[in-house]
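Residue-level listing of the chains:
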Amino acid sequence: MEIKAFGFTHILGWSFSRYDTFSDCKRKYYYQYYGKYDTQYKRDKIDFLKGLTSIPMEIGNVSHDVIQSVLERLLKSTAPIDTEKFEAHLKNIIRSRLEKNFFETYYDELEKIEFDQLFEKTSVCLNNFLASERFEWIKDKAIAEKDNWLIEPSKYGESRLDGLKLYCKVDLLIPFKGKIFILDWKTGKKDGDKYSKQLVGYAAWASYHLDRVASDIEPIIAYLHPEYEEISLKPTDDDLIEYKEGIFSQSEEMYGFCKNYEENIPLDKVEFPMLEDTTICKYCNYKELCHRN
């Protein structure tokens with residue numbers, strides 16, 4: 001199965017994460033997406049802060065990476081997983097991630113990141129996945145169409161919507177008996193409103209790339225912690241129309257903060273205000289730059 005490819009363009013592209021950041025704080029949005037234009041702080045400093053990870057983020061990253069490895073292994077073999085080797089592999093990955101720059105240590109919340117702070121929850125997440133009915137379905141039934149699986153598709157999930165550039169990266173796409181199943185792994189807390197919109201986005205992405213109607217697609221959020229639980233959506237054509245209208249409106253909002261949105265050149269930083277309510281600043285990578293740490 002192939003997805004459509006696109007040549008490079010500078011124009012601002014919409015994504016869930018981009019608009020979330022834009023909605024949270026305009027100054028954070030500036031540093032996250034336009035740091036190279038800043039004249040107050042060096043690019044290296046902004047890039048360093050942008051690259052900070054965190055304990056919850058790495059639990060999610062490792063879980064995604066290991067599930068990807070498990071699925072890619074299935075393409076070659078359906079032999080049972082050796083649990084001892086699996087755990088040893090996971091521990092090696094966790095140890096390598098401890099070398100990263102963590103938000104919690106950079107901002108002195110913790111002296112160091114301990115192995116168990118990553119391993120314990122990640123291990124639960126992965127074992128919940130391996131013990132789930134969904135994994136059984138994947139390796140016993142959906143495996144019949146494995147040649148058409150898409151596992152963590154590359155190129156950032158770029159897509160188009162009536163000419164508008166957007167990004168919507170799926171974790172796993174599986175065709176089975178004429179339907180398209182899309183799975184997205186989550187290791188954090190449930191957020192029904194946010195993720196229901198994300199499910200519609202996945203359906204729109206698949207509809208565009210695979211030329212399928214909404215009723216052919218079933219996007220699924222799979223929570224891996226504290227136990228395995230799924231939330232799925234059976235989208236309609238009306239859902240896709242409403243989603244499209246929202247994307248155009250949100251893109252127009254972000255365009256308003258550009259001198260030239262076709263070249264993705266921002267307004268001056270002063271036009272991206274800091275929040276008056278500093279509650280969420282404690283979790284922001286860039287709080288040092290705003291003198292809120």
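Structure's up top.
Residues numbered from 1 in each chain as written. Predicted model: local features only at pLDDT ≥ 70, side-chain atom pairs only at ≥ 80, totals over all residues. Heavy atoms only, no water.

## A word on the overall build of the protein chain
Scanning the protein chain for helices and strands turns up 10 helices and 10 strands. Taken over C-alpha atoms, the radius of gyration comes to 20 Å for the protein chain, in line with the 19 Å a tight globule of 293 residues would show. Referenced to the eigenvectors of the C-alpha coordinate spread, the extents of the protein chain come out at roughly 55 × 50 × 30 Å. The 293 residues of the protein chain split such that 45% are buried. Looking at the protein chain alone, contacts between residues at least 24 apart form 70% of all its contacts between residues at least 6 apart. Of the accessible surface of the protein chain, which amounts to about 15,800 Å², a share of 48% is contributed by carbon and sulfur atoms. Across the protein chain, the mean location of the 42 positive side-chain charges is 3 Å away from that of the 52 negative side-chain charges. (Helix = DSSP H or I, 4+ residues; strand = E, 2+ residues; numbered from the N terminus. Rg over C-alpha atoms; globule rule 2.2 N^0.38 Å. Buried < 20%, exposed > 50% of the residue type's maximum accessible area, 1.4 Å probe, protein only. Contact = heavy atoms within 4.5 Å. Areas by Shrake-Rupley, 256 points an atom, 1.4 Å probe, with all protein chains shown as cover. Lys, Arg positive; Asp, Glu negative; His and termini not counted. Charge placed at Lys NZ, Arg CZ, Asp CG, Glu CD.)

## Observations concerning the sheet that holds strand E2 (residues 150-151)
Strand order in this open sheet of 5 strands is E2-E5-E6-E7-E8, and the pairing throughout is mixed. Both outer strands of the open sheet, E2 and strand E8 (229-232), are each paired with one neighbouring strand and no more. Here 7 bridges tie strand E6 (residues 179-186) to strand E7 (residues 217-223), and the two strands are oriented parallel to one another. For isoleucine 182, the partnering residue across the bridge sits in E7 and is proline 219. On top of the sheet, helix H4 (residues 55-74) reaches E2, strand E5 (172-176) and E6; it is set at about 145 degrees to E6, its chief contact. (Pairing = 2+ DSSP bridges. Axes fitted to C-alpha atoms, helices over the stretch in contact; angles between N-to-C directions.)

## Overview of the pairing of E8
Pairing analysis gives 4 bridges linking E7 to E8, with the strands arranged antiparallel. If you follow isoleucine 220 over to E8, its bridge partner there is serine 232. In sequence, E7 turns back onto E8 through a hairpin of 5 residues.

## Focus: the nonpolar core
Formed by 49 residues in total, the largest nonpolar core has its most connected members in Trp14, Tyr31, Leu173, Ile182, Ala206 and Tyr243. Elements supplying a minimum of two residues to this core: helix H1 (16-24), helix H2 (26-34), helix H3 (43-50), strand E4 (164-167), E6, helix H9 (192-210), E7 and helix H10 (237-255). Among the elements that take part in this core, H9 stands out by supplying 9 residues, more than any other. For leucine 173, the residues in contact, after removing those within four places along its chain, are Met1, Asn148, Trp149, Leu150, Ile180, Phe181, Ile182, Trp205, Ala206 and Leu210. Formed by 36 residues, the second largest nonpolar core is a distinct cluster that contains Ile55, Phe119, Leu130 and Ile174. (Core = buried A, V, L, I, M, F, W, Y, C linked by side-chain atoms within 4.5 Å.)

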